[in-house]
Amino acid sequence: MNDDFQADIDAIGRIDAVPMILDVICRTTGMGFSAVARVTEDRWVACQVLDSIDFGLEPGGELSVKTTLCDQIRDTGEAVVIEEVAKDERYASHHTPAIYGFQSYISMPIVLPDGTFFGTLCAIDPRPARLDNPEVIGMFKLFAELIAFHLHANERLALTEAALVDERRISEFREQFVAVLGHDLRNPVASIQSGTRMLLRSPLDEKAKSIVKLIRGSAVRMSGLIDNVLDLARARLGGGVVLDVDEAEPLKPTLIQVVDELVSIQPDRLVETHFDFEDPVKCDRVRIGQLLSNLLGNALMHGAEDSPIRIRASIDGDAFELSVSNSGDPIPLEAQEQLFLPFFRREARPGQQGLGLGLYIASEIARVHGGTLEVASTHEETRFTFRMPLAR
């Protein structure tokens, strides 16, 4: 394999979202194989793969491009969707399904913002699958656009960094890029969230509901990541985390909504809440909700799955206190010293690794409220505690 193709494989490998995208595709469609492929006039190379049907391809694996449908997609720029080969007039006698033994197939072109064709986002399965509908096709289109955006942005970033020698200019460019990235992702994520809310209000069978909830959970997580990324950009560019303090509106409904939203993503996890305080609390309700969301998300990611997560909020004297605790392996002391730094990431379960910004943003929210965020971790319990003076 030449260096150019290895560079393409490495570029896809650097996009942290790709494994999650392939997992969501397989879970949503029920298909057993999904991949991001680099496709040229004479080569088809797998860059990233999720294979639960023993198709036999790994990153770097190659197929003869003339035996694939991706060659056609490269020429036309149009997606190909086959729900059941045996009933499809166009593809029932086509050589590609016969060679690879699939019944269902979907492939979406990945086109870079400058119009360059990179390859395809595709999935196959030996069984039929329901694919030819706006929800699945729209999901594939969005994911293909996200991959193309990352590839193009990473290439631009690499070229810019090569031209910059001043460390400060490099840092500022990165933060501006992050801010633009966050803003550009807000609209498609908001559309997904709005669509899933509408679908959940419609009559659906249990399988459809579970699929919609999975998509909704991914959108909620992406929305949280975008918020953290934008807050990082504001902090690094001098604006800092901005507060909108409201003395009239109650805080408790916001905390309850945050917990309900995250629990709906992982309904098998037990989360116990005890909110023992009287509203109103003088604070930025949205920011405190974001702080709780980041702490609870961290507990869901790293806490023991068979033990409850406990959330407590109370007023102690002249201070408001909010804590999130979970069981699990204690955090080493050397790691505790870096927990609240941006981009510090602890080991997480496969597919759940974040950007390493949640605790940093939570600590910034605590700081601008005049409060503190501290961690205590033992073999019995890990507890994060936010404490904020009420008279500021």
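Predicted, not measured: the structure shown is a model, and the values here were computed from it.

Q: Can you walk me through the overall build of the chain in this structure?
A: For the chain, the count of helices and strands is eleven helices and eleven strands. The buried share of the chain, reckoned over its 392 residues, is 45%. Sequence-distant contacts, at least 24 apart, represent 66% of the contacts inside the chain between residues at least 6 apart. When the accessible surface of the chain is totalled, it reaches about 19900 Å², and 50% of it is carbon and sulfur.

Q: In this structure, what is going on with the sheet that holds strand β2 (residues 44-51)? I would like to understand it.
A: The pairing of strands in a sheet comes from backbone hydrogen bonds and takes either a parallel or an antiparallel form. Across the sheet, which stays open at both edges, the six strands sit in the order β3-β2-β1-β6-β5-β4 with antiparallel pairing between neighbours. Taken across any chain shown, the strands that pair with only one partner, and hence form the sheet edges, are β3 (62-63) and β4 (80-82). Across two bridges, β2 lies against β3 in antiparallel orientation. For Val45, the partnering residue across the bridge sits in β3 and is Glu62.

Q: Would you take a moment to explain the pattern of salt bridges for this structure?
A: A side chain of one charge can pair with a side chain of the opposite charge if their charged atoms are brought near each other. All chains considered together, the criterion is met by 14 salt bridges. Three or more residues are tied together by salt bridges with common partners; here these are Lys66, Asp71, Arg74 and Asp75.

Q: I keep staring at the pairing of strand β9 (residues 319-326) and nothing clicks. Help me out?
A: Each regular strand displays side chains that alternate between the two surfaces of the sheet. Extensive coverage of β9 is indicated by the burial of seven of its eight residues. Pairing of strand β8 (residues 309-316) with β9, which is carried by seven bridges, proceeds in the antiparallel orientation. In the sheet register, Ala313 faces β9, and the bridge partner there is Leu322. The antiparallel hairpin formed by β8 and β9 contains two residues in its connecting segment, where Gly317 sits at a positive phi of about 70°. Taken together, the eight bridges between β9 and strand β11 (residues 382-389) define a ladder with antiparallel strand orientation.

Q: Sorry, what's going on with the environment of Ile99 here?
A: Position of Ile99 among the secondary structure elements: in helix α4 (residues 95-100). Sequence separation between Ile99 and Thr68 is 31 residues; the distance between their C-alpha atoms is 9.1 Å.

Q: Could you clarify how one ought to interpret the packing of aromatic side chains in this entry?
A: Where two aromatic rings form a pair, the distance of their centres and the angle of their planes describe that pair. Counted by the stated rule, this structure contains six aromatic pairs. Judged by centre distance (4.9 Å) and plane angle (50°), the rings of Phe33 and Phe55 are tilted. A residue pair is termed long-range when its members are at least 10 positions apart, and Phe33 in strand β1 (residues 33-39) and Phe55 in the loop between β2 and β3 qualify at 22 residues. Here Phe33 falls in the buried class, since its relative accessible area comes to 3%. You can call Phe55 partly exposed: its relative accessible area is 24%. Counting every residue linked through ring pairs, the aromatic cluster contains Phe33, Phe55 and Tyr100.

Q: Just to check I follow, could you spell out the pairing of strand β10 (residues 372-377) for this structure?
A: Across the two faces of β10 the burial differs, with Leu373, Val375 and Ser377 buried and Thr372, Glu374 and Ala376 not buried at all. Where β10 lies against β11, six bridges are found, and the strand directions are antiparallel. The residue bridging Val375 from the neighbouring strand is Phe384, located in β11. Between β10 and β11, which pair antiparallel one after the other, the connecting turn spans four residues.

Q: So what exactly am I meant to see when it comes to the sheet that holds strand β7 (residues 271-276) here?
A: The strand order β7-β8-β9-β11-β10 describes an open sheet built from five strands, whose pairing is mixed. Edge positions in the open sheet fall to β7 and β10, since each of these has one partner strand only. Adjacent strand axes in the sheet meet at a mean angle of 15°, parallel and antiparallel pairs treated alike. Its contacts with the sheet put helix α8 (residues 252-265) on β7 and β8, and the angle it makes with β7 is roughly 180°. Helix α9 (residues 285-302) rests against β7, β8, β9, β10 and β11 of the sheet, and its axis sits at about 20° to β9.

What counts and how
Residues numbered from 1 in each chain as written. Predicted model: local features only at pLDDT ≥ 70, side-chain atom pairs only at ≥ 80, totals over all residues. Heavy atoms only, no water. Helix = DSSP H or I, 4+ residues; strand = E, 2+ residues; numbered from the N terminus. Buried < 20%, exposed > 50% of the residue type's maximum accessible area, 1.4 Å probe, protein only. Contact = heavy atoms within 4.5 Å. Areas by Shrake-Rupley, 256 points an atom, 1.4 Å probe, with all protein chains shown as cover. Pairing = 2+ DSSP bridges. Salt bridge = Lys/Arg side-chain N within 4 Å of Asp/Glu carboxyl O. Phe/Tyr/Trp six-rings, centres within 6.5 Å; stacked < 30°, edge-to-face > 60°. Axes fitted to C-alpha atoms, helices over the stretch in contact; angles between N-to-C directions.

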